[in-house]
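Summary of structural features
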Amino acid sequence: MNVLIVTQYFYPENFRVNDLAAWLAERGHEVTVLTGVPNYPSGRYFSGYGIFQRRMETWNGVSIVRVPQVPRGSGGPIRLALNYLSFAFMASLLGVLRLGRNYDVIFVHEPSPVTVGIPAIAMRKRTQAPILFWVLDLWPESVTAAGGVRSPWVLGLLTRLTRWIYGHCEKVLVASRAFIPRVGAMGVAEDRIAYFPNWAEAAYQPSSVVEPPVPLPQGFRVMFAGNIGVAQDFPAILDAAERLKGNPDIHWIVLGDGRMGEWVREEVARRGVGGTVHLLGSYPPERMPQFFAHADAMLVSLKQDPIFSLTVPAKLQAYMACGRPIIAILDGEGARIVEEAGAGMTCRAGDGRALAEAVLSMARLDPHTRAEMGTQARAYSLAHFDREQIFRRLEAWMVEAAGRRQISART
């Protein structure tokens, strides 16, 4: 097949769609990615990239076509809106001008914004290729939850836009089963909705590395890895850390960065928890299992909001694949998975006191019990989030959609 992937985020930005695109290319498919100039999560163009630099390149057998977009900057609402709209406009215009017509299927990666569907529809009109749209964030709900947008006029406009985009898709794929009713309420028939969860990238395996990649403090290590954003509710995490700062043997290791990164650094200093909260910055995915191996518990969090209770954070699959015990401060579907797997402990989203109690409880368990939680997490990952099975499922849907398109073209 000739596959077009439309995504606002792609290599060297760290998203799972990179892994998927490379796998499809390895399988012998022609893969083209229509994306923007990389700037996530720092908000600045990556070194060596720009509006007129590296607009076309090849990575792991994948052809990448980049279009200009306004960088995210500090992630404020105006700058984010410009970022989203500039990509939608430029990818719609330049995609049609620079890409061919012979695509068999279009795959859309949507971790936000939903506007990434606009250039995909423009390419659908040019190529007649069916669209498979992968929903990782529900719109307009996530705009309210993460962005604080509450204007009825704006939300109404985004609802109509989302309905219009879904209506042009052959199939709408959802990263959480709890998304299915919401997508159905947007007018998508049940037979056009399919469950397509996140997976753990191939690098995420149990590691036996004896020494950590960088020196880590001695004691009970609670490790967070990933984006430091509004949705991850660092106010609750730091509240728990502040409550436990009288326990100097409990250390919070934070790997990653994001739009809330500077705020977190300031709060660590203000709360006086610099001795137990360690902000180590970002590392490539292949290094993560080596860090995880030296964690006593992995931390996954989402702020308290109805929409986030439907969401399964992508880091959860990575933690489980590495066979680590988990502490989850979240509600709904993500917490259900941790509990169903027997992979760790959960507490209510937004409750710093409950998180502090969960960390203390986990620290008091004997190492064998924590190891068993990790074993059960790994077993659940292999049963439900196996990379190869998930990718082959998507490939089958792509082949089916492309086949229907060919039959329709002949009749």
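Scroll up a little and you will see the structure.
Only a predicted model underlies this, so the values are computations on that prediction, with no experimental measurement involved. (Residues numbered from 1 in each chain as written. Predicted model: local features only at pLDDT ≥ 70, side-chain atom pairs only at ≥ 80, totals over all residues. Heavy atoms only, no water.)

**Concerning the sheet that holds strand 14 (residues 344-347)**
The strands that make up a sheet are held in pairs by hydrogen bonds between backbone atoms, and each pair lies either parallel or antiparallel. The strand order across the open sheet formed by six strands is 11-10-9-12-13-14, and the pairing between neighbours is parallel. Each end of this open sheet is capped by a strand with a single partner; those strands are strand 11 (277-281) and strand 14. Sheet twist, expressed as the mean angle between neighbouring strand axes with direction ignored, is 20 degrees. In this structure, strand 9 (residues 220-225) lies alongside strand 10 (residues 250-255), joined through six bridges in parallel fashion. From the neighbouring strand, Val222 faces strand 10, where its bridge partner is Trp252. Helix 7 (residues 234-243) contacts strand 9, strand 10, strand 11, strand 12 (297-301) and strand 13 (326-329) of the sheet and is inclined by roughly 155 degrees relative to strand 10. (Pairing = 2+ DSSP bridges. Helix = DSSP H or I, 4+ residues; strand = E, 2+ residues; numbered from the N terminus. Axes fitted to C-alpha atoms, helices over the stretch in contact; angles between N-to-C directions. Contact = heavy atoms within 4.5 Å.)

**Describing the layout of surface pockets**
A water-sized probe, rolled over the atoms, reveals where empty space remains. Quantified by volume, the second largest pocket comes out at close to 310 Å³. Contributing to the lining of the second largest pocket are 17 residues, with Asn18, Trp59, Glu201, Pro285 and Glu286 lying nearest its centre. If you tally residues by element for the lining of the second largest pocket, the top one is helix 1 (residues 16-26), at three residues. (1 Å grid on protein atoms, 1.4 Å probe; cavity = no way out; pocket = protein on both sides within 12 Å on 5 of 7 lines; lining within 4 Å. Points joined across faces, edges and corners; volume = space filled by probe spheres on them.)

**A few points about empty space enclosed by the protein**
Per the stated rule, a full pass over the model turns up one cavity of 30 Å³ or more. Within this model, the largest cavity holds a volume of roughly 40 Å³. Considering the residues around the largest cavity, the lining is formed by Asp137, Leu138, Ser142, Phe179, Ile307, Phe308 and Thr311. Residues of the lining of the largest cavity, tallied by class, amount to four nonpolar, two polar and one charged. (Nonpolar A, V, L, I, M, F, W, Y, C, P; charged D, E, K, R; others polar.)

**Here's the deal with the packing of aromatic side chains**
Per the stated rule, a full pass over the model turns up 20 aromatic pairs. Relative to Trp134, the ring of Phe107 has its centre 6.1 Å away and its plane inclined at 40 degrees; by these criteria the two rings are tilted. You can see Phe107 sitting in strand 5 (residues 105-110) and its partner Trp134 sitting in strand 6 (residues 131-135), a full 27 residues away along the chain. Taking relative accessible area as the criterion, Trp134 reaches 0% and is therefore assigned buried. (Phe/Tyr/Trp six-rings, centres within 6.5 Å; stacked < 30°, edge-to-face > 60°. Buried < 20%, exposed > 50% of the residue type's maximum accessible area, 1.4 Å probe, protein only.)

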